[in-house]
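Residues per chain, in single letters:
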Amino acid sequence: MENQELINQIKVQRAMKNITQEELASHIGVTRKTINTIETGKFVPSTILAIKLARFFDIKVEELFTLIEK
Amino acid sequence: MIEQLDKARYNLLKWLTIGWGIWFGSYILGDLIHYEVILIDLFSSLVGLTGFVFFIVNLQRYIRLSSKVKYSCLNGALNNEMHLLYKYKSAYIGFKVLLATIVLFFILSLFNQIPAKAVCEITIYCGVLSSLIAGLIYNRD
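Sequence positions are assigned chain by chain, starting from 1 and proceeding in written order. The order in which chains are written sets their letters, starting at A; the order in which ligands are written sets their numbers, starting at 1. With pLDDT at 70 or above as the cut-off, local features in this predicted model cover only qualifying residues; side-chain atom pairs require 80 or more to be listed or tallied, and sums for whole chains, interfaces and linings still use all residues. In computing side-chain properties, one takes all heavy atoms of the structure into account and sets aside hydrogens as well as water.

Chemist: What should I look at first to understand the packing of aromatic side chains in this one?
Modeler: For any two aromatic rings, the description comes down to two numbers: the centre-to-centre distance and the angle of the planes. Pairs were defined over the aromatic rings of Phe, Tyr and Trp, the Trp ring being its six-membered one, requiring ring centres within 6.5 Å. Orientation was assigned from the angle between planes: stacked under 30 degrees, edge-to-face over 60, tilted for the rest. Applying the stated criterion across every chain yields a total of eight aromatic pairs over all chains. Between tryptophan 23 of chain B and phenylalanine 24 of chain B the ring centres are 5.6 Å apart and the planes differ by 70 degrees, which places this aromatic pair in the edge-to-face class. With centroids separated by 6.2 Å and ring planes inclined at 20 degrees, the aromatic side chains of phenylalanine 24 of chain B and tyrosine 125 of chain B adopt a geometry described as stacked. Highlighted residues: phenylalanine 24 of chain B in helix α1 (residues 2-32) and tyrosine 125 of chain B in helix α5 (residues 116-139), separated in sequence by 101 residues. Exposure classes here rest on a 1.4 Å probe applied to the protein chains alone. A residue is buried below 20% of its type maximum, exposed above 50%, and partly exposed in between. For phenylalanine 24 of chain B, a relative accessible area of 11% translates into the label buried. We call a charge positioned above a ring when the Lys NZ or Arg CZ atom is no farther than 6 Å from the ring centre and deviates by at most 35 degrees from the ring normal. Its end group placed over the ring of phenylalanine 56 of chain A, lysine 17 of chain A keeps NZ or CZ at 4.8 Å from the ring centre. The secondary structure listing takes helices from DSSP runs of H or I that are at least 4 residues long and strands from runs of E that are at least 2 residues long, numbered from the N terminus.

So, in structure tokens, the structure goes:
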């Protein structure tokens, strides 16, 4: 696990949809801080939250979150 | 609304930490050091009282806000998984500091006699304060 890193496309998807962290947070039902920590990789969301995010952006979870080797 | 409540909660936690730190800190100092000069004694009592007022007022506001959030539809958003995780992490850090303080006092007690009251007060102070500070660090923007 230590030589693996989880990267996400939330910022990119947000930019494509032209929405702010606050708007995304209110759609998903979390705080802006939660979206910010997920985006910056400080917090790894649960499966439920990951699915909610993927559904919102209308993409697969694997497309939103990718596990890469360091 | 969510952001405002989240910010209010963070600010309350901040003032709760400051209030507790000042009040209980000066209380312990007052117990450990017996001031000879009345002016210093008066000053430390005043600082302690200010901290106590801060602590009590913010604790009351924090409890009121928490109960308001608990029964509202904002509960899910404000107490989401990240917030809960940070709460558990803060409590865990507080517990580790508490254990470390006890171990430290145990080692010190092998060489010196330490008053039991001081040990209890300092242990509680370190445990609670570290937990509150950890909560502030985890939840900062």
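Chemist: Just checking my understanding: could you explain the interface of chain B and chain A for this structure?
Modeler: Any two residues whose heavy atoms approach within 4.5 Å at even a single point are treated as in contact. Contacts between the two partners involve 15 residues from chain B and, on the opposite side, 13 residues from chain A. For the pair chain B and chain A, the two sides together bury roughly 1200 Å², of which 52% comes from carbon and sulfur. By buried area we mean how much accessible surface two parts lose on assembly, using a 1.4 Å probe and totalling the loss over both. The three residues of chain B that bury the most area against chain A are Glu3, Glu81 and Met82 of chain B, which together make up 44% of that side's buried surface. Each reported salt bridge corresponds to a side-chain nitrogen of Lys or Arg within 4 Å of a carboxyl oxygen of Asp or Glu. Remark: the boundary between chain B and chain A carries zero salt bridges. Throughout this description, a polar contact denotes any pair of N or O atoms lying within 3.5 Å of each other; where both atoms belong to protein, one of them has to be capable of donating a hydrogen while the other can accept it, and for residues adjacent in sequence the pair is counted only when both atoms sit in side chains. Here chain B is connected to chain A by two residue pairs in polar contact (both at pLDDT 80 or more).

Chemist: Help me understand the nonpolar core, please; the structure alone is not making it clear to me.
Modeler: Soluble globular proteins tend to pack their nonpolar side chains together in the buried interior. Core analysis: the largest hydrophobic core is formed by 18 residues, its most contacted members being Ile10, Leu24, Ile38, Leu53, Leu64 and Phe65 of chain A. Contributions of two or more residues to this core are made by α2 (21-28), α3 (32-39) and α4 (47-57) of chain A together with α4 (81-109) of chain B. Ranked by the residues each element gives to this core, the list is headed by α4 of chain A, at five residues. When neighbours within four sequence positions are excluded, leucine 64 of chain A is seen to be in contact with Ile7, Asn8, Gln9, Ile10, Gln13, Ala50, Leu53, Ala54, Phe57 and Ile59 of chain A. By nonpolar core is meant a set of buried Ala, Val, Leu, Ile, Met, Phe, Trp, Tyr and Cys residues that side-chain atoms within 4.5 Å join together. In this structure, Leu13, Trp20, Phe55 and Leu129 of chain B belong to the second largest nonpolar core, which totals 10 residues.

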